[in-house]
Each structure stands twice: as C-alpha cells, then as structure tokens.
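Structural overview
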Amino acid sequence: MTQVFHSTCALDCPDTCSLLVTVENGRATRLRGNPDHPVTQGFLCAKVARYLEREYHPNRLSTPLRRTGPKSNPSFEPVSWDEALDTVAARLAEIAAQHGPESILPYSYGGTLGYLQGSSMDRRFFHRLGASRLDRTICATAGVAGLLEAYPQRLGTAPEDFVHSRYILVWGANVLSTNVHLWPFIVEARRRGARLVVIDPVTTKIASLADWHLAPYPGSDLALVLGLMHVIFAEKLEQCDADLTSLRARAAEYPPERVAALTGLASSEIVQLAREYATTSPAVIRTNYGIQRSERGGRAIRAMSLLPALTGAWRHTGGGFVLTTSGAFQLNRDALELPELGPPARTLNMSLLGHDLTSLNDPPVKALFVYNSNPASIAPHQALVHQGLLREDLFTVVADHFLTDTARFADFVFPATTFLEHTDVYFAYGHYHLQLARPALAPYGQAKSNVEIFRLLAARMGFTEPCFSDTDDDLLRQALDTQSPFLQGITLERLEQEHSIPLKVPELPNSDVTPNFDGEPLAYEPPLESRLGAERDPRFPLELVSSKSHDGLNSSFGYQPHVDAETAVLEIHPADAAARGIREGQLVEIFNQRGALRFPARIGPFVRPGVVRVPANRWPSFAPEKANVNLLISDRLTDIGAGPCFYNCLVEVRPCAAV
Ligand SMILES: Nc1nc2c(c(=O)[nH]1)N[C@H]1C(S)=C(S)[C@@H](COP(=O)(O)OP(=O)(O)OC[C@H]3O[C@@H](n4cnc5c(=O)[nH]c(N)nc54)[C@H](O)[C@@H]3O)O[C@H]1N2
Ligand SMILES: Nc1nc2c(c(=O)[nH]1)N[C@H]1C(S)=C(S)[C@@H](COP(=O)(O)OP(=O)(O)OC[C@H]3O[C@@H](n4cnc5c(=O)[nH]c(N)nc54)[C@H](O)[C@@H]3O)O[C@H]1N2
Ligand code: SF4
Ligand SMILES: [Mo]
C-alpha cells in the first residue's frame, strides 16, 4: 500500500520545510518538498533530500543501551526500556536526595524545532524535580538581546516580501547553505532589477554569486554600521523623524577612514555602500546568526537593526530587516512547560558547560540529561567539556538517534524517534507559517519520543500530577490556547486539515516601527582590543571562523563520510598560505593556547586575508585528536545575551613536517 503523508522538517534551520513523505508498506521510499507550500516551493536542501538514509541508517540506535567499561574507553550493551527507565529514575531520585535536585542538569537545544519534543514534557519533568534550569544561549541569545534592545519584538521582513526589494544586503548570512528557501525570492527580485550585496569575511556560495561582495574582518560589523550611519548623516540621506541626537554624535566619531582601518574595507567602499543602501528603495537587510557569535555581536545586531528605521526602509514592502521571524510564534509556552511545577532553581548557562561540569560546588552537577543536542561536539572550550563528561561520578543520560560523541560518555543511552515518527507542531525562524506534523512512520526499532520518555520517567519518579499524563493532543491544544493576535483562528482541527497555516502577522514592514535609538551607547574601540579583547596575542595572528558546513547541520549529519570530509579541512587565503610556506592539500596544524588540530589546507580566496575557516562541526571521535574545532574556541561570552563567541578566535597555522 502506498500513502503520501504531510510532514515538516524539524531540523534547526530557518526554513522549516513542508514535506511530503511517500510510504510503501510501512517504509518511507521518497521525501520531497511540498510544491504547494509558499516557502518550501517543492524543493529540499541537499541534506534533507537524503534524510531517508539517516532514518534507516544501520547505525541508528534501536534499543536502550547501558555503558560497560570506563568512560575513557566505553562499550555498550542493549537493555530493556523497563530496566533503563527504572535505573535512571532510581539514580536521579538518589542524586536529588543526596546532593539536592539542583545537582541534576538537563541539556537540550535545537535537535528539533518542535514544541512538543523540544519544550513540553521534558521541561515539566525537570521543573517538578527542581533540577537546575538551563539558559539556552548556544545559538542566538546575543542577537536576540540586541534586537530586543531596539524593537519590542522579534519580527522581520517575510521571505515572500523579498521579491519586492531593489537592494538586498545579505550581511553575515550564508543563505545558500543555511536558508536556501530564501534564494528563489532573491532570484526573482534580481530578475526585477534588484542588486545583491553580501558582507561576509568568507566567500560563501551566495557571496560568489552577488553583484558585490565586501569581506570585512570578523567582529567588525558594529564599526561598519557606525561608518554607514556617519555617511548617511553627513550626506543627509536619513529619513526619520525621531530624535537622533545621541546616535548622530556617536556616528560622527566614525568617519570612513577610521572605519576602513577597523574593518579592513576601503573607505570608498564604505561611502559607496552607505549611498547605495540609503538611496535604493526598497532596501532589505538579511542577517542571520553569524555576526552575533562574537564579542561585540549583540550590539552589532542592535545597531544594524536601526539602519532601516534611519533610512525609512521599513515603510516599503520589500524593505526592512530580518534576523528571525520566531517572535511571531507566540504559542502558550507556559502551559507546555509549567515552570511553576517545582521550586525555584539556579540557572546554568549551556555555553559554559565545561565550567558547569568541572567547577561548580554548591552543589556540583552530579547528573546530566542530554537530548536534542550533542555538546561533546558543539559546545565551546571542548577540552573542558570532555574533562567534565569524563567524570566517573557524573551520571549521564543521552537520548538521541545515534551514538554521538556525547552519547559515548553516557551511562544510559535512549533511542529517540525522528520527526517522521512523532507528532509535533513547529515554529520557524525564517518564515511565518505554523505547521503540524503527524507521524508518517512507526518508531524505528524500540525508539521513543522525548515526550514519551519523560512521561514514563515521571511515572517512575512518582510524579502524580495530571499534567504528566497529558497526551500529545492535550499538549497541542494547550500550546494553541493563546490570546496572541498572530495565532487567532488557528485550531488543531484546521492544522490537521491544512498542515501549514500562515500567521496573522501585521503588515511588515510598516511605518509604525520606531526603534529605540538611544539605549546603551554603541561603544566601539580599536579592532583588536574590541573584537578579540583578552584574546589578543601576537602568537596567534589569524582569526578563525568556524561557520556552518553546507552538507552538515551542526553535528547531526557528522557520521556521513562526505560531511566528515567537508568539516575536516582548513581554508586559508593564498597570501597567508604563502607567508607560511603552505601548499595546497598539505597537512597543516592550526593551534592556539587551548589546543592543536591537523587538517589538509585548502588554499584560495575562500576567506579574506588574515582569516581562516574550518567548517563546523565534525564528530570529535572521527578525528585523530578526538576533538573538533571547538577545542580552539574559548568560553568567553558575548557583550549581551551571554552567548558564545564561536567566531572570535585567534589561531596560528603552520605546515606539518613531512613524514
Ligand atoms: N547547511 C547548514 N545549515 C544550517 C546549519 C548548518 O550547520 N549547516 N545550522 C543551522 C543553525 S543552528 C543556525 S543558527 C543557522 C545559522 O545560519 P547563518 O547565520 O547563516 O550561518 P553561520 O555560518 O553561523 O553564519 C553566517 C555567515 O556569517 C559569517 N560571519 C561570521 N562572522 C562574521 C562577522 O563577524 N561579520 C560578518 N559580516 N559575517 C560573519 C560567516 O562567514 C557565515 O558565512 O543555520 C542553520 N542551518
Ligand atoms: N564551532 C562552532 N560551534 C557551534 C556552531 C558553529 O557554527 N561553530 N554553532 C552553534 C549553534 S548555532 C548551535 S544551534 C549549536 C547546535 O548544537 P546542537 O543543538 O547540539 O545541534 P546538533 O549538533 O545538530 O545536535 C542535535 C542532536 O539532536 C538529536 N535529535 C534530533 N531530533 C531529536 C529528537 O526528537 N529527540 C532526541 N532525543 N534527539 C534528537 C540529533 O540526532 C543530534 O544529535 O552548535 C553550536 N556550536
Ligand atoms: S532547508 Fe532546512 S528546513 Fe528545509 S529541508 Fe533543509 S534543513 Fe530542513
Ligand atoms: Mo544555531
């Protein structure tokens, strides 16, 4: 029997694609983009076009596992769910009784963008337990904090509106790899005469297809924004009635020559960019999360977001700014998560996991429960993270699809369902469509959904509150029970019928968008001091950007050989390679005070001079050093939002001696 199911791609990607899954006799045989969805438009990225390989991969976890042997050299044996759940519940209860419940730390992030599997029964469970709470900062909090300093909510120009743009500034966004469903709208805008400008220290695929590519130093965007504002004010190109006294004074300190020195761009380029941007209408800025992964990143996003208000670009359809659209998805999170179920508890920052696991005393972390994330691969200051995960006295449970690097440190591993196998409702951070997906497939082997895992654990912990018996449909209805004007008229019944429903987002952009132009002063100091702060060190003259890989998605596809190959390479500019005597394909060592890794060099104008790139995130266990690029990354935090500074990292590179 052949059936076609609607589904939704749950991966941590702005596009949240609508999918059609062909299932023959219980087995999925085809996965494609829904041709009727206005953003998906019938195509998928290269990663998910091959997702069925992942779904049925022979290494997929099919039973619960228990570790045998030491964490430094683990092996695993299958156990029954009953035995695994009983033991885990008993251990968690014991640890809570002995050290206090705050010694238990949940750790999760964007393995799925579904509300149910990402933030419902799991949160209830840990809240009721009184476990430490997790500040989920690993990706976006710096940029969001910057945006919210300027605007009341996280909204931005819709992808469908890009066709109306005449000037598209893709600024720190790797669109063709990380947000490919925006591309058709850009193509259409260009067909209608739009100019595409890319600002990125890396020559991304979209940079190489742009009308103009500017490659500043990483972390210099705040200076660039101030330089653009300087020119806009000097040439009286602003179209804004607000009181701009303090912004004007700040921008006056950043003439193009100064900004040229700070950014590595020519002053003529800064002047030209300001003129083009301010005088071409409609103009839109697409940024993503790249810029805010650096020491001045939050404030850089804040400053950038003011530009369309300064020039009046918000007033035009096809103009404006977008970092994220996620603020429109105001589902009833409190009802899903029930934060008041348990006592107040301390909050630990996920970006400081290494520190959390190795330095806390009051109480120390004694149990770690990881799901929807792979911190042994993706968290900064990897040596410290691995040191913490290696602690034999740390009771670790991991729920995942594969035996990831994190799972290899676990005492118990639970096999989890994929988005093709469970129910969920999805937000998006790159468009305004709410989607529901029902299972297209039965669970793989004995896999269980996160919701089910925490339901079963709650019962074993003796949590008798009715909320722990809620069905998936109860949770869906609770999530949709919201007064938000964006969600009016969206019911479970409608979602069941339509699968994807556009939110009622007010016309964006519109002239009512007036940001807070004042706020914190937009301080900016000379480039090395400010971008690299305490990191400044003459031994490490190159800046490392470990941005997203094309075929990977964080670490989720890292077991695939072609993804491993893509993430095991160092890109370096010909001038920097020549200065170090490095030849194409040669094995080189990239190092700093935190560690050293070896990769073959790929020489070319893939990066600007002074910058090297290693795409994120290889599986550490596949590397000879048993570590990936996060070995080199510090655990310093961003200016605002307490996020990681993944893209602020000083290194040196040298050829490895021939063997
Ligand atoms: N193929 C693929 N898609 C993905 C992911 C993936 O791993 N692979 N990850 C998903 C996730 S979790 C996220 S958060 C999104 C992120 O999506 P993006 O934000 O688009 O991706 P990033 O690689 O983080 O950064 C975007 C660009 O910013 C540039 N950049 C870095 N530092 C600076 C800077 O200081 N200034 C400027 N101007 N540019 C800078 C990088 O070179 C990069 O090209 O992508 C999602 N989609
Ligand atoms: N150097 C460097 N480091 C980075 C980044 C970078 O660009 N450079 N990017 C950072 C960013 S932006 C992010 S968002 C983080 C991402 O870090 P993570 O959120 O850890 O993302 P992934 O590594 O893809 O791991 C997600 C895991 O969730 C699992 N999973 C998926 N669905 C489910 C499910 O339904 N149930 C369960 N139990 N598991 C599931 C997947 O199999 C996968 O192993 O990495 C950060 N780290
Ligand atoms: S583009 Fe993004 S949402 Fe669409 S299929 Fe690929 S990973 Fe999933
Ligand atoms: Mo992310």
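Quick look at the site of ligand 3 now. Contacts to ligand 3 come from C9, C13, D15, T16, C17, L44, C45, K47, V48 and H181. Residues belonging to the shell around ligand 3 are distributed by class as follows: 6 nonpolar, 2 polar and 2 charged.

Within the structure, ligand 2 sits among 34 residues, and S373, D400, K548, S555 and S556 are positioned closest to it. S546 places a main-chain nitrogen or oxygen 2.8 Å from a nitrogen atom of ligand 2. A distance of 3.2 Å separates an oxygen atom of ligand 2 from a polar backbone atom of L553. Calculation on ligand 2 without its partners gives an accessible area of 910 Å², and the protein chains cover 98% of this total. Two domains share the shell around ligand 2, each providing at least three of its residues, namely domain 1 (90–139 + 330–419 + 446–486) and domain 3 (542–658).

Time to look at the sheet that holds strand β19 (residues 500–502). One open sheet holds the 3 strands; their spatial order is β17-β18-β19, and the pairing between them is antiparallel. Whereas interior strands pair on both sides, the edge strands pair on one side only; in this sheet they are β17 (424–426) and β19. Recorded for the sheet is a direction-independent mean angle of 15° between the axes of neighbouring strands. Pairing of β17 with strand β18 (residues 433–437) involves 3 bridges; the strand directions are antiparallel. From the neighbouring strand, V425 faces β18, where its bridge partner is L436.

Once that is clear, we can look at the pattern of salt bridges. Throughout the structure, instances matching the rule amount to 41 salt bridges. When the shortest N-O distance is used, the salt bridge between E465 and R128 registers 2.6 Å. Remark: R128 occurs in helix α5 (residues 121–129) and E465 occurs in the loop between α19 (450–461) and α20 (472–480); sequence separation between them is 337 residues. With a relative accessible area of 24%, E465 lands in the partly exposed category. Across the salt bridge formed by E571 and R602, the nearest N and O atoms sit 2.6 Å from each other. Within this pair, whereas E571 is found in strand β21 (residues 570–572), its partner R602 is found in strand β23 (residues 595–603), the two being separated by 31 residues in sequence. Residue R602 is classed as partly exposed on the basis of its relative accessible area, which comes to 32%. A single salt-bridge network, built from bridges that share partners, covers R67, K71, E392 and D411.

Each assigned domain of the protein is listed with its residue range as follows: domain 1 (90–139 + 330–419 + 446–486), domain 2 (142–323) and domain 3 (542–658). The C-alpha-based centres of domain 2 and domain 3 are spaced at 27 Å. Each partner contributes residues to the interface: domain 2 has 27 residues there, and domain 3 has 21 residues. Taken together, the two surfaces of domain 2 and domain 3 that pack against each other cover about 1900 Å², and 56% of this comes from carbon and sulfur. Area buried by domain 2 at its contact with domain 3 is led by P218, R293 and E295, which between them contribute 32% of it. Taken together, the links from domain 2 to domain 3 amount to 1 salt bridge. Among the ionic pairs, R636 bridges to E295, the shortest N-O distance being 3.3 Å. Where domain 2 packs against domain 3, one counts 13 residue pairs in polar contact (both at pLDDT 80 or more). Those elements giving two or more residues to the side of domain 2 that touches domain 3 turn out to be α6 (141–150), α7 (175–178) and α14 (297–311). Here the side of domain 2 that touches domain 3 gets 4 residues from one element, more than from any other, and that element is α6.

Another point: helix α18 (residues 382–389). Burial of α18 is extensive: 6 of the 8 residues sit out of reach of the surface. Taken together, the buried positions of α18 are Q382, L384, V385, H386, G388 and L389. Those residues of α18 that are buried are in contact with α16 (353–359), β14 (367–371) and α17 (375–378).

Here we take up the side chain of S132. In this structure, S132 sits in the loop between α5 and β7 (133–135). Judged by relative accessible area, which is 1%, S132 ranks as buried. Looking at S132, its side chain comes within polar contact range of the side chain of R346, at 2.8 Å. In this structure S132 touches P101, E102, I104, L105, P106, A345, R346 and L348, once residues within four positions along its chain are discounted.

Analysis parameters
- For every chain, the first residue of the written sequence is number 1, and numbering continues from 1 along that sequence.
- Chains carry letters and ligands carry numbers; both start at the beginning, A for chains and 1 for ligands, and go up in the order they are written.
- In keeping with the predicted nature of the model, local features appear solely for residues at pLDDT of at least 70, side-chain atom pairs appear and are counted solely at 80 or more, and the whole-chain, interface and lining totals rest on all residues.
- Excluding hydrogens and water, the side-chain values take into account all heavy atoms of the structure.
- Being near a molecule or strand, for a residue, means having at least one of its heavy atoms within 4 Å of it.
- Ten residues, namely Ala, Val, Leu, Ile, Met, Phe, Trp, Tyr, Cys and Pro, are considered nonpolar, four, namely Asp, Glu, Lys and Arg, are considered charged, and the remaining ones, Gly among them, are considered polar.
- Within 3.5 Å is the distance limit for a polar contact, defined as a pair of N or O atoms, with the added protein rule that one can donate a hydrogen and the other accept it, and that residues adjacent in sequence qualify only through two side-chain atoms.
- The Shrake-Rupley method, run with a 1.4 Å probe sphere, supplies the accessible areas, and residue values consider only the shown protein chains as cover.
- Boundaries between domains were set according to an automatic or database domain assignment.
- Strand pairing follows a simple DSSP-based rule, namely that at least 2 bridges must link the two strands.
- The helix count covers DSSP runs of H or I at least four residues long, the strand count covers runs of E at least two residues long, and both are numbered beginning at the N terminus.
- Fitted lines through C-alpha atoms give the axes, limited to the stretch in contact for helices. The angle between two N-to-C directions lies from 0 to 180 degrees.
- A pairing counts as a salt bridge when a side-chain nitrogen of Lys or Arg comes within 4 Å of a carboxyl oxygen of Asp or Glu.
- Each residue gets one of three labels from its accessible area relative to the maximum for its type: buried under 20%, exposed over 50%, partly exposed in between, using a 1.4 Å probe on protein chains only.
- Contacts are assigned to residue pairs with any non-hydrogen atoms lying within 4.5 Å of each other.
- By definition, the buried area sums, over both parts, the 1.4 Å-probe accessible area that each loses when the two are put together.

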